[in-house]
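Summary of structural features
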Amino acid sequence: MTELERKQDRAPVPADWTYAPAPEARDIVTIEERYGHYVGGEWLEPTETYTTLSPATEEPLAEVGQATPAEVGAAVAAARDAYENGWSSLPGSERAKYLFRIARVLQERSREFAVLESLNGGKPIKESRDVDVPLAAAHFFYYAGWADKLDYAFPGRLPRPLGVAGQVIPWNFPLLMAAWKLAPALATGNTVVLKPAETTPLTALLLAEVIREADLPPGVVNILTGAGETGANVVTHEAVDKVAFTGSTEVGKVIQRAVAGTGKHVTLELGGKAANIVFEDAALDQAVEGIVNGIYFNQGHVCCAGSRLFVQESVFEPLLERLKDRLGTLRVGDPLDKNTDIGAINSKQQLRKIEELVESGVEEGAEIYQPACDLPDRGYWFRPTLFTGVGQSHRIAREEIFGPVLSVLTFRTPEEALEKANNTPYGLSAGVWTEKGSRILWMTSRLRAGVIWANTYNRFDPSSPFGGYKESGFGREGGLHGLEPYLEFEEDGRAG
Ligand code: ADP
C-alpha cells in the first residue's frame, strides 16, 4: 500500500454527502397580522383584504388589502398632489439624497428583506440574500447618481418628468422589480403608485416602511396591494401619465389595448423563451453551470431564463451526461435553508401551469428526465426537469413555462442554431457559449434578443439596460436607457 492509499484509508470521509440543515432564523422579521395600503405617507385601513401565504408550507402569513377603485383613486390623487406640490420641482441633488437614503436603509435591513422575500415568495435564501436584495440596493444607488445629472445624460434635450407613474410588478423578483420601477421614476422627478403581485406583497410593504424611514415626502411613493383588477384600475386611471408593467405577455397585451389612444407613456417587460446555445468548442463544465443557473435559478421563474438549450450535435452526449449528473446534486426544499438550490414554486396556480406544460411535453413525445429527490409534504414543489428529443413545434419549445423545466434541442451549424434560436415570438434574452470571440460577435449581432450573455448567464447590473424585442415587450430598464421612459424632452415639443 502506498503512503497516499494509507492516508486515504484513514481519512474521515463521510459515507455520503448529505447536508446538515442550515436554516436562516426567521425571527429577524416581524410580520403584522394585517396590512393596509401605503397612501400619502400613511397606512390606509383597507376595505377589503385577502390572505397571503408561504408557498413552501401553505401557512398564512398575513392579511393584506385588496385595493378598490376608490383606494386606487386616493393613491393616484396623493401621487398627483406630491408631484405638483414639490417633488417635480425639487433639485435633482435633493431627490438623490432620498434615493441614497433608501439604498442605505435597504442595506442595513438586508437580512430582514432576504428572509421575508424567501418566506413570501419561496425562493432560496441564498438567492434573495446574494442577488435580489443587493441588486435592489444597487439599483437605488445607481439612479441616485443620475438624479442631478439629467441635463448631462441628455445634453441639449431639456428633460422633464412625466407626472404620475402607475407601476405593476410580478411575483418572481418582488423587491428587485419594485426597485427597478421606483428608482428611475423618482430620480427623474415622477411620483408613483406601485402595485406588487398578489402572491408576494410583503417585501413591497416593508419597502413602504423604508420609504417612510427615509423621510420621502408623503405621496411621492404610494403602494397598493391587490390582484389583477387593482392593477387594471391603476394603469387605466385617467390621472396616470406613465404606465410601467412587468409580467406576462398576455396581461401586457391587455394593458396595451386598455391604454391605447389615451396618450399615456407605456413600457412593457414581458415573457421570454430564451435560447442558450452551446458550441462544441465551449468549456463544457462551465457551460453546465451556466445552463443550470440559466434555467433553475429562482425555480425558473425568470422571464429571461435560458429555457431552450441548443447543443451542437458533436458534444450533445457528453454535455447531457454532465448536466444530468449536476441535476442530481441540486438540493430542493426549504427556501430558508442556506444550502437550498431550488425552493418552492410561487403559487398553486403556477404549479398547475408547469405540470400542465410538462404533461404536454410527455404527450407530444419528448423524453423527460428528473433526478430522484424527496419533496416536502406540504407546499408547492417541482423537481428540476429536462426534456430531450424536443421538436421545435412542441409546446415546451414554444411556450414560456416559467418553471424549472429545460427543453434540450440540437444543431449542426451556427446558421442552424441562429435560425432555431430566433424562431420564437419572444426576444428578451439569449446565451452563447464558445471559445471564439468572432463567433460570439457573429451570433450576438444576429440574435433577436434584448440581452445576450456570452459564456455566462443571468448576470445583472444596474448600469446595464434590460428589455425585449417582439412579444417580450418594449422599453428598457437599467442604465442610462432606463431614465428615458420616465422623461419627455422639450426638444420634442411635447413637454411644457
Ligand atoms: P403571471 O402570469 O406571471 O402571474 P401576470 O402578468 O398575471 O403574471 O401578473 C403580473 C402583474 O400584473 C401582477 O401584479 C398582477 O396582479 C397584474 N395584473 C394582472 N392582470 C392585470 C391587468 N389586467 N391589468 C393590470 N395589471 C394586471
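Residues numbered from 1 in each chain as written. Predicted model: local features only at pLDDT ≥ 70, side-chain atom pairs only at ≥ 80, totals over all residues.

**A look at the overall build of the protein**
Our working rule: Strands are runs of DSSP state E lasting at least two residues, helices are runs of H or I lasting at least four, and both sets are numbered from the N terminus onward. Note on method: radius of gyration uses C-alpha positions; expected globular size equals 2.2 Å times residues raised to 0.38. Labels follow a simple rule on C-beta atoms placed from the backbone: if 20 or more others lie within 10 Å of a residue's own, it is buried; if 12 or fewer, it is exposed; otherwise it is partly exposed. By the convention adopted here, residues make contact when the C-beta atoms placed from their backbones lie within 7 Å.
Helix and strand counts for the protein stand at 16 helices and 19 strands. Over its C-alpha atoms the protein spans a radius of gyration of 23 Å, differing by no more than 12% from the 23 Å that the globule rule assigns to 496 residues. C-alpha extents for the protein along the principal axes are approximately 80 × 50 × 50 Å. Counting across all 496 residues of the protein, residues that qualify as buried make up 52%. Considering only residue pairs separated by 6 or more positions, the protein has 73% of its internal contacts joining residues 24 or more positions apart.

**Focus: the domain arrangement of the protein**
The test is simple: Domain limits in this description derive from either an automatic procedure or a database domain assignment. When residues are grouped by polarity, Ala, Val, Leu, Ile, Met, Phe, Trp, Tyr, Cys and Pro land in nonpolar, Asp, Glu, Lys and Arg in charged, and all others, Gly among them, in polar.
Split by domain assignment, the protein resolves into domain 1 (34-270 + 474-491) and domain 2 (275-461). Inter-centroid distance (C-alpha atoms) of domain 1 to domain 2 is 30 Å. With 17 residues of domain 1 at the interface, the matching set in domain 2 holds 21 residues. Residue assignment for the side of domain 1 that touches domain 2 shows that the elements contributing at least two residues are α4 (110-121) and α5 (125-146). In terms of residues, the side of domain 1 that touches domain 2 owes the most to one element, α5, which gives four residues. Of the residues assigned to the side of domain 1 that touches domain 2, the class counts are seven nonpolar, six polar and four charged.

**Section: unusual backbone geometry**
At Asn-455, a residue that is not glycine, the phi angle is positive and equals roughly 55°. The residue Asn-455 is located in the loop between β17 (451-454) and β18 (473-474) in this model. Of the residues examined, Asn-455 has 15 C-beta atoms within 10 Å and is grouped as partly exposed. One non-glycine residue with positive phi stands out, namely Asn-458, at about 55°.

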